[in-house]
Amino acid sequence: FWEAVQDHDMEKAKQLATWDTVEYLKILKTKNFHPERFELGDKMEGAARAEIDTVLFTTKQGKSGIKVPGVTVLLKTEQGWRVDVKKTLGSVIKYSVNNMFDQLNGLMKEGIKEFDKTLSESMNELGRAIEEGTEEFKKEFGRPIFPPKNNKPPIPAIKTPQGQQI
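Student: I keep staring at the pattern of salt bridges and nothing clicks. Help me out?
Tutor: If charged atoms from side chains of opposite charge come close, those side chains can pair. This structure, assessed with the given rule, holds four salt bridges. For the salt bridge of Glu11 with Lys14, the shortest nitrogen-to-oxygen distance reads 3.5 Å. Of this pair, Glu11 and Lys14 both sit in helix H2 (residues 10–15), three residues apart, which is roughly one turn of the helix. Overall, Lys14 belongs to the partly exposed group, its relative accessible area being 30%. Here Arg37 ties to Glu39 by a salt bridge, and the two come within 3.8 Å at their closest N and O atoms.

Laid out in structure tokens, this is it:
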């Protein structure tokens, strides 16, 4: 099945798919979702259903590209084992989304650690700046704004005609 998809032989892929999921092959024909190669892994087989671990690659061997894990789902029919394209694509999408969220979660955790470190450093720096500013403030405003001038003679008291001082 995957060899037919890789070779763009959708007629052969159609023969290997369950009839009720053939319409989903059009998704595999698109340029954005077409695998250039694949690897099959472990198989889990039951009486009427089998699953094969599958990894699809967006580029040919030796080139860097996207690795898309999933499961190829096979159903036993009167014609033999056939690929359930809908469930297979569903597993590929599910694994891809989970993988993306795992990567995003990892980035977020790293980002948060780095953010915490940067925030802590900034807060320490801010604390030092506030302390220095407070000391500077005390020095500047701890002295009187208008220092007393002791070089002027005191103003003499004025006496009223009754002898009271004003």
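After that view, the rundown keeps rolling.
Student: Is there a simple way to explain the nonpolar core in this structure?
Tutor: Burial of nonpolar side chains together is a common tendency in soluble globular proteins. Counting 19 residues, the largest nonpolar core has Phe1, Trp2, Val5, Ala13, Leu25, Leu28 and Val85 as the members making the most contacts within it. Elements with a contribution of two residues or more to this core: helix H1 (2–6), H2, helix H3 (25–29), strand S2 (49–57), strand S3 (67–77) and helix H4 (85–141). Those residues in contact with Ala13 that sit more than four places away from it in its chain are Phe1, Ala4, Val5 and Leu25.

Student: Can you help me understand the side chain of Thr21 in this one?
Tutor: Following the sequence through the fold, Thr21 ends up in the loop between H2 and H3. Looking at Thr21, the relative accessible area reads 4%, which means it is buried. Within polar-contact distance, the side chain of Thr21 engages the backbone nitrogen of Val85 at 3.1 Å. Each residue touching Thr21, except ones within four places of it in the same chain, is listed here: Val83, Asp84, Val85 and Lys86.

Student: Would you mind going over a nonpolar patch on the surface with me for this structure?
Tutor: Together, Ile93, Val97, Met100, Phe101, Leu104, Leu107, Met108 and Ile112 line one region of the surface with nonpolar side chains, adding up to about 780 Å² of accessible area. Following the sequence through the fold, Met100 ends up in helix H4.

Student: Help me understand the packing of aromatic side chains, please; the structure alone is not making it clear to me.
Tutor: In this description, an aromatic ring pair is defined by two values, namely the gap between the centres and the angle between the planes. Under the defined criterion, the tally for this structure stands at one aromatic pair. Note on Phe1 and Trp2: the rings are 5.1 Å apart at their centroids and 75° apart in plane angle, and the pair reads as edge-to-face. Taken individually, Phe1 and Trp2 each receive the classification buried, so the pair is uniform in this respect. Over the ring of Phe57 we find Arg37, and its NZ or CZ is 3.8 Å from the ring centre.

Student: I'm lost on the sheet that holds S3 in this one. Help?
Tutor: Within a sheet, each strand pairs with its neighbour through backbone hydrogen bonds, oriented either parallel or antiparallel. In spatial order, the strands read S1-S2-S3-S4; together these four strands make up an open sheet with antiparallel pairing. The sheet is open, and its two edges are formed by strand S1 (37–45) and strand S4 (80–83), each paired on a single side. Adjacent strand axes in the sheet meet at a mean angle of 30° when their direction is disregarded. Of the strand pairs in this sheet, S2 and S3 are connected by nine bridges, and their pairing is antiparallel. Bridge pairing in S3 places Val55 opposite Pro69.

Student: It is not clear to me how the side chain of Thr54 should be interpreted in this structure. Could you clarify?
Tutor: With respect to the helices and strands, the residue Thr54 is situated in strand S2. For Thr54, a relative accessible area of 4% translates into the label buried. In this structure the side chain of Thr54 is engaged in a polar contact, spanning 2.6 Å, whose partner is the side chain of Thr72. Among residues more than four places away in sequence, those in contact with Thr54 are Trp2, Glu39, Leu40, Val68, Pro69, Gly70, Val71 and Thr72.

Student: Please explain the pairing of S2 as it appears in this structure.
Tutor: It is a general feature of regular strands that their side chains alternate between the two faces of the sheet. Judged from the seven bridges that link them, S1 and S2 form a sheet pairing that is antiparallel. Residue pairing in the sheet places Arg37 in a bridge with Phe57 of S2. Hairpin remark: S1 followed by S2, antiparallel, with three residues in the connecting loop.

Analysis parameters
- Residues numbered from 1 in each chain as written.
- Predicted model: local features only at pLDDT ≥ 70, side-chain atom pairs only at ≥ 80, totals over all residues.
- Heavy atoms only, no water.
- Salt bridge = Lys/Arg side-chain N within 4 Å of Asp/Glu carboxyl O.
- Helix = DSSP H or I, 4+ residues; strand = E, 2+ residues; numbered from the N terminus.
- Buried < 20%, exposed > 50% of the residue type's maximum accessible area, 1.4 Å probe, protein only.
- Core = buried A, V, L, I, M, F, W, Y, C linked by side-chain atoms within 4.5 Å.
- Contact = heavy atoms within 4.5 Å.
- Polar contact = N/O pair within 3.5 Å; in protein donor to acceptor, adjacent residues only side chain to side chain.
- Patch = residues over 30% accessible without salt bridge, like charges linked within 9 Å, V, L, I, M, F, W, Y side chains within 5 Å.
- Areas by Shrake-Rupley, 256 points an atom, 1.4 Å probe, with all protein chains shown as cover.
- Phe/Tyr/Trp six-rings, centres within 6.5 Å; stacked < 30°, edge-to-face > 60°.
- Lys NZ or Arg CZ within 6 Å of the ring centre and 35° of its normal.
- Pairing = 2+ DSSP bridges.
- Axes fitted to C-alpha atoms, helices over the stretch in contact; angles between N-to-C directions.

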